[in-house]
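Chain by chain, the residues run as shown.
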Amino acid sequence: MISAENLTKQFIVRGVPLVAVNHLSFHVSSGEVYGLLGPNGAGKTTTLRMIMGLLEPDSGYVEIGGLRSNSKSTDIRKQLGLISTSDGVYPWLTVREMLMYFADLYAVDQELARERLKELASLLDLSNFIDQRCSTLSTGQKQRVTLARGLMHDPPVMLLDEPTRGLDVVGSQAIFQFIDLLKQRGKVVLLSTHRLDEAERVCDRFGLLHRGNLQFEGTLSELRQATGKQHLVDMFIAFINAPHANELSPEA
Amino acid sequence: MNEYLSNGRLWRLCQKELRESLRDRRTLFTLVLMPILVYPLLSMALQRLVIGANTKTKADTEFVIGVENEETANQIRQLLEEVEQTISRGFVSPISITRTGEPKGADPAKSLGDLGQGDDSRQDELTKFKIVMSNQDSLAMALRDGQVELVVSKMTVDKIQLEKVVVQAYEIRAEFRQNDLRSEAALAGLRRATQLVNDFQAEQIRKRVDRKLPVAMTLRATGIAERTDLSGSIAGVIPLVLILMTITGAVYPAIDLTAGERERGTMEALIATPAPRFALLLSKYVAVVTVAVLTALANLFATWMTLSFGGLGQALFGKSGFSIWTLLQILPLLVIFASFFSAILLALCSFARSFKEAQAYLIPVMLLSLGPGLVTLMPNVQFTTLLGIVPLLNILMLSRDIMTGQSSLVPAFAAVFSTIIYACATLVVAARLFGAEAATSGSQESWSELLSRPKKQQMLPDLGELAIYLALLFPVFFVASNLGGMLEWKGSWAWFFNAVLLFLLFLFLPLAYAWYRRVDIPHTFRLGGGVGIDEPLFRRMFRWVGYVAGVVCLSAGLWMIAFEAYLLFESWSLAAQLSEEKKQRLKTDFLAVPFWIVLLTGAVAPAIAEEFFFRGFVLSAFRSKLSGFRSVLFSSLLFGLFHVMAGSVLSIEKFLPTIILGIAIGYVAIRTGSLWPGILLHTLHNGLIFGMSRFTEQDLAKWFGNDTKHIPATWLFGGGLAIVMGVAILFISSQQRRIHEDSI
């Protein structure tokens, strides 16, 4: 469903070229959860932005459901849902207003949007506070609103950018349940995270990204076989040269 | 794009932004509370200023009185001497002590006492006068320029013997500057002097012969209406305050709806949606402008209340005070200003990553906008035509002039038109900046992309490109066309200058701009032959014969319609009002220019240059987003507006004829897919109009019959027929054209 081919992006930072993503290729199919793993600065967010068409790759391309991603194409963005670490809510809007607003942004028909809202309200348990302003919600409630927001246009592909950063155990658990739900619905899920332990729990396949290069790709058992290590963290450290190992601690 | 502009979706997007802004207490604070607090305070401060200035002039300055001859000068000196004697005798006028606090601007004959309030101890102190002599005209000028405070035009002194006492009855006629504090203070001083002498003589007569004073002294003063230093500058303060308050209203929502999206963490989700950035920004823009206009309304209302009920309005604007009519004229200006400034605010805030950063960008802008505000406070700075294109300053100057009732049409039109163009261009820039930073993770790409040459070729310029080009073009065009008038070139040179200007601004610069932005030039400017691909030669020729024949037919009828449309505007008195003599002189000047020069520079050159721009660049830019019909309409509207603004006079009468011509050529351009038939039509049209104006009224009478003004009905009928034929020929000969998909 998603295939990235030879994606490359270079930034000029203070006159010095910096390769953020280097000839990255991977493929994720429907119903699969793919973990794009790497320390901070590995190129995960840049990759996601190229998938969304917010950044134009220097070379290579992304194809989603047969459509090529580029900055002009709006059709491809309708296929994508995005839930990210820092997602916020509009404090002065009610939950209903905010979700209907996003339905409009995705050009979802009003009738359909109302039905989806009803469905999501029961699925994510929003009914009690759906007409409250977002500023009055608790952290957990806000998180559920954000998850519902990502599903208002029912995208076949869901991009999760560090969804658990800054969340407690309960919050993280909600995310895992959400990923399970997406999987059941046959969505393509691309999870970008540096929390290797969490990725181990939910992902079907992994791509280990370091300094813009895909170091290794495969299922957990394939990785174990190839590296002889039991856990992702150990594998990562084994892959990457010792001087950079400190970047790998989960809380980095 | 269209799914965001239809089904009320754009309106729902606007609603969200409005809800966000209006539910926020901070917005409401600036909207409601500020006007309530600021204006009464401001009015108190201004009142102090008026009074302060008044007491100051009274205490320590010498007023200049202008007279026409030595006799009057001596009479005034005599009067002043008598006043001095009266005071030295310790006489205190019984009346003047009780007369305090007459409102300024009231009937001057009554305001004998003090102008301001308080300060009674100085009541009878002698006002110092200096007398200058000159002739009538230069005195009138000196009075207007503020070099003298009063002009005593006539003074008679009658000696009246009442038994033992001799009294002098003075009759003074004076002129002063109405609403000018210094001049009015001088008048009051003179009045006090005559009153004092009058009271003293009355007292003497009552004491010594126990009779009433038979003849009272008269001081008749005529005010000349001139804008005065202080009230003029206060009239400048009010628009400045209104505009500053409008800005204040817009600042918070502008930051909140742009940088605020980043701060709340909703920006990423927002730009990940397929909604076009322009739609997102447009909805934010609507919200910001709405809040700004609401703030403007609240402020305007508060100003009106303060001025009407605080007495300050009368002090500043004369008897009628600050009228509702002035209010209604200022309001649209504030709306236009709000539209412009909101776009600027959004552009700046779109670039900011956080609230703090946005504030850091805005503070210098707010301070900078005070600069033009201070300029408007200088009463000597006139709102000239060229200032009409200076952003911000133009609206401020215009509102100042409206408040003092002195606005003039050309700079007003330039101010409004240019501000709207600037607002559009700024909005385009804002839409490109909005979210760009979030997408490119802090690289400088967003700015450089906006200015640098794009890497990819584009088929047509988009509307944003047009808005930016117009914002660059209009001031240059305006200055250049005024320059033509200023150079006072006569005859053929003026015609050549005009043609060169047209080529530069409407042909070369758009071509250069299109090249720089990598726009497909042949496609955009419709340089193709307007024929099908691989068409056989005879078919091509058939098409071209059709195009030429169609265009010739059209031009045969169009000039009549243009001419009648011109007369229609003239009958509404909208055309420039010229005296017969001036008209005659213009005609003589026109006839002095050889006809081939008129044809070359007035028909061929404008046809080529304007067609490249209006039917090439502009029409294609509209076509990139709109239907053919709408594109033709909008491009013709611009075509008309540019013709109205040409030169240093406003030619409103050209508006309708130009729009009609624009629509006709727009149709030809889209129908044939080529620029060239339009150029031919434009040349023929201009040539015919100029050709007709070469004839004298006697010549015209031969053809037109008695009514030399209007075209005869039979001619019009023939013209209408020619137009129908032209359209039909063009329609048939342009069928099955495959090179351009563009069609109506």
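Residues numbered from 1 in each chain as written. Chains lettered and ligands numbered in written order. Predicted model: local features only at pLDDT ≥ 70, side-chain atom pairs only at ≥ 80, totals over all residues.

A.B. asks: Mind laying out the overall build of chain A, listing which residues take part and the relevant values?
C.D. replies: Of regular secondary structure, chain A possesses nine helices and 10 strands. The C-alpha radius of gyration of chain A comes to 19 Å, within 12% of the 18 Å expected for a compact globule of 252 residues. With respect to the three principal axes, the spread of C-alpha positions in chain A is 55 × 40 × 35 Å. A total of 252 residues make up chain A; the buried ones form 43% of that total. In chain A, of all internal contacts separated by at least 6 residues, the share reaching a separation of at least 24 is 68%. (Helix = DSSP H or I, 4+ residues; strand = E, 2+ residues; numbered from the N terminus. Rg over C-alpha atoms; globule rule 2.2 N^0.38 Å. Buried ≥ 20, exposed ≤ 12 C-beta atoms within 10 Å, placed from the backbone. Contact = placed C-beta atoms within 7 Å.)

A.B. asks: Could you give an account of unusual backbone geometry, with specific residues and numbers?
C.D. replies: At A:Asp125, a residue that is not glycine, the phi angle is positive and equals roughly 60°. Along the chain, A:Asp125 falls in the loop between α4 (110–123) and α5 (139–151). The backbone of B:Arg526 sits at a positive phi, close to 55°, despite the residue not being glycine.

A.B. asks: Mind laying out the interface of chain A and chain B, listing which residues take part and the relevant values?
C.D. replies: On the chain B side, the residues contacting the 26 residues of chain A number 25 residues. If you list the elements that add at least two residues to the side of chain A that touches chain B, you get β1 (2–13), α1 (44–52), α2 (75–78), β6 (80–84) and α3 (95–105) of chain A. No other element matches α3(A), which puts four residues into the side of chain A that touches chain B. Tallied by class, the residues present in the side of chain A that touches chain B amount to 14 nonpolar, five polar and seven charged. (Nonpolar A, V, L, I, M, F, W, Y, C, P; charged D, E, K, R; others polar.)

A.B. asks: Mind laying out the domain arrangement of chain A, listing which residues take part and the relevant values?
C.D. replies: Residue and element names in this part refer to chain A. Domain assignment breaks chain A into domain 1 (30–55 + 74–79 + 155–252) and domain 2 (86–152). Distance from the C-alpha centre of domain 1 to the C-alpha centre of domain 2: 26 Å. With six residues of domain 1 at the interface, the matching set in domain 2 holds five residues. The biggest single contributor to the side of domain 1 that touches domain 2 is helix α6 (residues 169–184), with four residues. Grouping the constituent residues of the side of domain 1 that touches domain 2 by class yields four nonpolar, one polar and one charged. (Domains from an automatic or database assignment.)

A.B. asks: Explain the pairing of strand β4 (residues 165–178) of chain B to me, using residue names and the numbers behind them.
C.D. replies: Residues and elements named next belong to chain B. Two strands pair when backbone bridges link them, and strand β3 (residues 150–162) and β4 are joined in this way by 12 bridges, in the antiparallel orientation. Note that in β4 the partner of Gln161 across the bridge is Val166. In textbook terms, the turn of a hairpin is the stretch between consecutive antiparallel strands, and for β3 and β4 this stretch comprises two residues, one of which, Glu163, has a positive phi near 50°. (Pairing = 2+ DSSP bridges.)

A.B. asks: For the pairing of strand β1 (residues 63–67) of chain B, give the residues involved together with the corresponding values.
C.D. replies: Residues and elements named next belong to chain B. Taking burial as the measure, the five residues of β1 include four buried ones, the bulk of the element. As judged from the three bridges shared by β1 and β3, these two strands associate in the parallel manner. Each residue of the ladder has a partner; that of Ile65, found in β3, is Leu150.

A.B. asks: How would you sum up the sheet that holds strand β5 (residues 67–68) of chain A? Please name residues and give values.
C.D. replies: All names here are of chain A. Taking strand neighbours across the sheet as the criterion, the four strands line up as β2-β1-β4-β5 in an open arrangement whose pairing is antiparallel. A single partner strand is all that each edge strand has here, and the edge strands are β2 (16–28) and β5. Summarising the sheet, β1 and β2 pair through nine bridges and their orientation is antiparallel. Across the sheet, Lys9 pairs through a bridge with Val21, a residue of β2.

A.B. asks: Lay out the nonpolar core in plain terms, naming residues and giving numbers.
C.D. replies: Residue and element names in this part refer to chain B. Grouped together as the largest cluster of nonpolar side chains are 212 residues, with contacts concentrated most on Val288 and Leu345. Among the elements that make up this core, the one with the highest residue count is helix α10 (residues 277–309) (16 residues). Each residue touching Leu345, except ones within four places of it in the same chain, is listed here: Ala250, Val251, Ala254, Val288 and Leu362. Counting 27 residues, the second-largest nonpolar core is a separate cluster that includes Leu79, Phe176, Leu187 and Leu190. (Core = buried A, V, L, I, M, F, W, Y, C linked by C-beta atoms within 7 Å.)

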